[in-house]
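Here is how the chains run, residue by residue.
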Amino acid sequence: MRRALPIFVVLAGLLVAIAVVNPYFLEPTAFLAFVKRAAPLVILAAGQYFVIVSGEFDLSVGSLVTAEVVIAARLIDGSAEATWPVLALMIAFGLIVGLVNGAVTTLLRVPSFITTLGMLLILSGAVFLWTGGSPRGALSEQFRQLGRGSLGPVPWSVLILVAVAAAAVWATRARFGHTLVAAGDNDRAAALSGVRVARVRTVAFMISGLSAAVAAILLGGFAGVSAQVGKGLEFQAITAVVLGGVVLGGGRGSVAAAMAGAFTLEALFTLLNLYGISGALEPAVQGVIIIAAVALGAVRFPRARAAAAS
Amino acid sequence: MTQQLKLGRVPAGGSLLRRISADRPARPVYVALVLLVVLGWLVFALDGGTFLGQENIVGIQQRSAALGIVAVGQTLVILAGSLDLSVAYLISLTSLVTAEIMAGADSGVPAAVAAALAVSALIGLVNGLIVTRLRVHAFIATLGVALVVRGALDARYDGPAGSVPESFQHLGYDRIGPLPVSALLWAAVAAGAWLLLSRTRLGYRIYAVGGDAEVARLSGVRTERVVVIAHVLCSVCAGIAGLLLASRLGAGAPTVGTDGGYDLESIAAVVLGGTALAGGRGGVAGTVGGVLLLAVLDSIFNQLEVNSFAKDVVRGVILVAALAIYARGRRTR
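Thresholds, definitions, all that
Residues numbered from 1 in each chain as written. Chains lettered and ligands numbered in written order. Predicted model: local features only at pLDDT ≥ 70, side-chain atom pairs only at ≥ 80, totals over all residues. Heavy atoms only, no water. UniProt positions renumbered as here; feature names shortened; annotations may be inferred. Helix = DSSP H or I, 4+ residues; strand = E, 2+ residues; numbered from the N terminus. Rg over C-alpha atoms; globule rule 2.2 N^0.38 Å. Buried < 20%, exposed > 50% of the residue type's maximum accessible area, 1.4 Å probe, protein only. Areas by Shrake-Rupley, 256 points an atom, 1.4 Å probe, with all protein chains shown as cover. Lys, Arg positive; Asp, Glu negative; His and termini not counted. Charge placed at Lys NZ, Arg CZ, Asp CG, Glu CD. Contact = heavy atoms within 4.5 Å. Buried area = accessible area lost by both parts, 1.4 Å probe. Nonpolar A, V, L, I, M, F, W, Y, C, P; charged D, E, K, R; others polar. Salt bridge = Lys/Arg side-chain N within 4 Å of Asp/Glu carboxyl O. Polar contact = N/O pair within 3.5 Å; in protein donor to acceptor, adjacent residues only side chain to side chain.

Chain B carries the name ABC transporter permease in an unreviewed UniProt entry, which gives Microbispora triticiradicis as its organism. What the UniProt record of chain B gives under Subcellular location (unreviewed entry) is the line "Cell membrane".

The name an unreviewed UniProt entry gives chain A is Autoinducer 2 import system permease protein LsrD, with Microbispora triticiradicis as the organism.

**Student:** Before we go on, may I ask you to explain the overall build of chain A in this structure?
**Tutor:** Broken down by element type, chain A carries 13 helices and two strands. Relative to the 2.2 N^0.38 estimate, which gives 19 Å for 310 residues, the radius of gyration of chain A is 19 Å and therefore close to what a compact globule would have. Dimensions of chain A, computed from the C-alpha atoms along their principal axes, are close to 65 × 50 × 35 Å. Burial statistics for chain A: of 310 residues in total, 53% are counted as buried. Summed over its atoms, the accessible surface of chain A is roughly 12,900 Å², and 66% of this surface lies on carbon and sulfur atoms. Counting 20 positive and 12 negative side-chain charges, chain A places the centres of these two groups 11 Å from one another.

**Student:** Even after reading the chapter, I still don't get the interface of chain A and chain B, so can you show me in this structure?
**Tutor:** Interfaces are often sized by the accessible area lost when the parts come together. On the chain B side, the residues contacting the 38 residues of chain A number 37 residues. Across the chain A/chain B interface, buried area totals approximately 3,200 Å², and carbon plus sulfur atoms make up 86% of it. The largest contributions to the chain A side of the interface with chain B come from A:Phe113, A:Ile114 and A:Ile291, which together make up 18% of the buried area. Within the residue set of the side of chain A that touches chain B, elements represented by two or more residues are α4 (83-107), α5 (112-131), α11 (233-243) and α13 (282-309) of chain A. With 12 residues, the top contributor of residues to the side of chain A that touches chain B is α5(A). Taken together, the residues that form the side of chain A that touches chain B break down as 29 nonpolar, eight polar and one charged.

**Student:** So what exactly am I meant to see when it comes to the UniProt feature "transmembrane region" (unreviewed entry) in chain A here?
**Tutor:** Residue and element names in this part refer to chain A. Here, UniProt's "transmembrane region" (unreviewed entry) annotation points to residues 29-52, 82-101, 113-133, 153-171, 203-227, 257-277 and 283-301. Annotated as residues 82-101, this span is 95% helix and 0% strand, and its ends, taken at the C-alpha atoms, are 28 Å apart. With 86% helix and 0% strand, the stretch residues 257-277 has end C-alpha atoms that lie 27 Å from each other.

**Student:** I keep staring at the pattern of salt bridges and nothing clicks. Help me out?
**Tutor:** Charged atoms that come close allow side chains of opposite charge to pair. Throughout the structure, instances matching the rule amount to nine salt bridges over all chains. As a salt-bridge pair, A:Arg201 and A:Glu56 come within 3.5 Å of each other at their nearest N and O atoms. Taken together, the residues span a long stretch of sequence, with A:Arg201 in helix α10 (residues 197-223) and A:Glu56 in the loop between α2 (28-53) and α3 (61-76) at a distance of 145 residues. As a salt-bridge pair, B:Glu100 and B:Arg156 come within 3.7 Å of each other at their nearest N and O atoms. Remark: B:Arg156 occurs in helix α7 (residues 138-156) and B:Glu100 occurs in helix α5 (residues 87-102); sequence separation between them is 56 residues.

**Student:** Before we go on, may I ask you to explain the environment of B:His231 in this structure?
**Tutor:** Residues and elements named next belong to chain B. Here His231 shows up in helix α12 (residues 223-249). You can call His231 buried: its relative accessible area is 0%. Separated by 108 residues in the primary sequence, His231 and Ile123 have C-alpha atoms spaced 8.7 Å apart. A polar contact is formed between the side chain of His231 and the side chain of Ser82, at a distance of 2.8 Å.

Here it is in structure tokens:
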């Protein structure tokens with residue numbers, strides 16, 4: 001937890017900085033709007049956390065989000081009664097993609113970077129092959145409610161985010177979470193002490209696929225149907241997780257910090273917008289900050305470990 | 001290292017092909033390449049084209065040259081246990097630097113080439129220093145640098161800029177006999193990297209650092225320096241690809257690198273060639289095979305007029321299948 005602390009400090013600092021420029025930001029409506037905007041990335045980061053802490057990568061989530069949204073639009077095609085079956089289908093599709101990623105990585109021993117890169121190519125190719133080059137159809141109003149509607153004052157997406165966060169924290173505290181971290185830290189030692197490494201890693205990929213499905217449901221409602229909806233999300237999710245102090249290579253970090261990393265990234269975008277650094281320079285600032293944050297984390301780490309050892 | 005000793009015992013009269021075939025991880029990709037060429041020949045024969053005709057072979061060479069040059073550089077960083085996701089934006093950047101400095105005049109050519117190579121070497125140095133000194137994982141470090149370069153490109157350019165004089169366009173389109181100049185350039189870069197890896201101290205050190213950085217360090221290798229040099233060489237290769245693309249387009253373009261997907265595609269070509277993503281095992285010969293494999297596949301797709309989305313699907317399947325086969329081979333050995 002000590003390692004996770006810096007990201008919460010950074011997040012708090014950013015939120016204060018935003019509030020200084022825009023005093024309305026801390027009012028409930030504006031703040032909930034911020035959380036709502038951040039929800040898809042936070043959910044993706046939570047899913048990506050499980051894969052990264054187990055020692056793998058999932059590069060396929062961005063194209064999976066696009067695929068899910070495009071598939072949903074084509075199947076629903078504006079009809080209300082198709083909404084719920086299609087939602088179930090999206091969840092199942094996310095889980096299946098995760099299962100395939102996990103099985104190929106663990107059983108066929110393909111590096112997950114390549115497995116999920118292959119999945120990225122396959123998904124983005126297959127979906128547009130099926131729809132003939134551009135998204136077709138439309139989402140129903142019920143479907144869009146999940147992304148843009150609200151229950152009383154609280155947006156649905158914020159409620160979904162809270163549920164996802166609670167489930168993610170619960171999963172890391174459960175036996176599964178411990179075996180997953182053990183597998184990521186040293187898979188051989190974990191295997192020798194009875195962890196079914198292949199199985200827990202596959203489940204981690206399935207969680208990531210599931211999170212992509214949920215994020216797609218929110219984004220589809222929030223941002224609408226386009227071929228660009230998931231573009232670059234895989235890198236943003238990985239960046240968020242790493243910002244949260246989770247180590248690429250596995251075995252260290254907490255899911256709460258990973259989600260805080262996603263909030264931080266989103267807060268950073270908001271702040272850059274407020275200062276009028278939108279569009280062109282945004283990626284540059286983002287790049288510098290990511291490198292700096294990870295570099296600071298890397299420098300701090302050995303000292304923290306020495307302190308713990310003494 | 002044993003591989004290198006075996007290579008040394010190949011009789012001096014042995015052809016290049018035999019030497020390449022002695023490069024063990026590269027063997028499957030060439031077997032696959034031969035099979036694919038046979039398949040291509042059949043497809044073209046049935047479809048009424050000539051696969052082994054000059055036109056098609058030149059087309060394959062021209063298409064693969066830019067990717068090939070980037071992939072050779074990517075091989076060096078991957079062998080050293082690192083990775084470079086910034087090459088795509090760097091290619092765009094160098095194409096713009098080249099075209100802006102040339103500004104359509106012949107006199108600007110030497111300065112522009114020097115500037116493009118210097119810029120790319122600088123970016124490589126930054127990548128390498130961030131990875132080694134700041135100890136940022138290469139994935140994040142090069143992704144971050146890629147974002148910075150992208151920001152600089154977005155801020156300055158909306159579309160193609162600068163122009164390249166006609167004399168420089170020879171690089172992209174001319175042929176010497178049946179061989180395009182661009183393919184010769186690729187061959188020269190690949191041969192240089194092959195010599196570097198198999199004949200020089202630095203080459204051995206790259207393998208050593210990629211195999212096990214700690215062991216290499218304890219045996220007296222300055223591991224950080226090796227990684228930095230690998231990054232600089234990789235970026236220079238991307239810079240050369242940028243020059244080549246500028247000469248083809250006749251101008252610089254801010255999206256030429258990302259449109260080509262050179263970052264992930266170059267990594268795909270490297271691992272298709274049997275180089276381990278974790279570093280320390282593989283070589284340039286495999287990468288050349290990997291790039292040619294992708295290019296031959298492309299030309300078959302073109303002949304069959306396959307939809308570009310289907311191409312992506314097939315590429316993804318081939319990539320994963322190839323790596324599964326390699327993993328199987330490693331386990332049984």
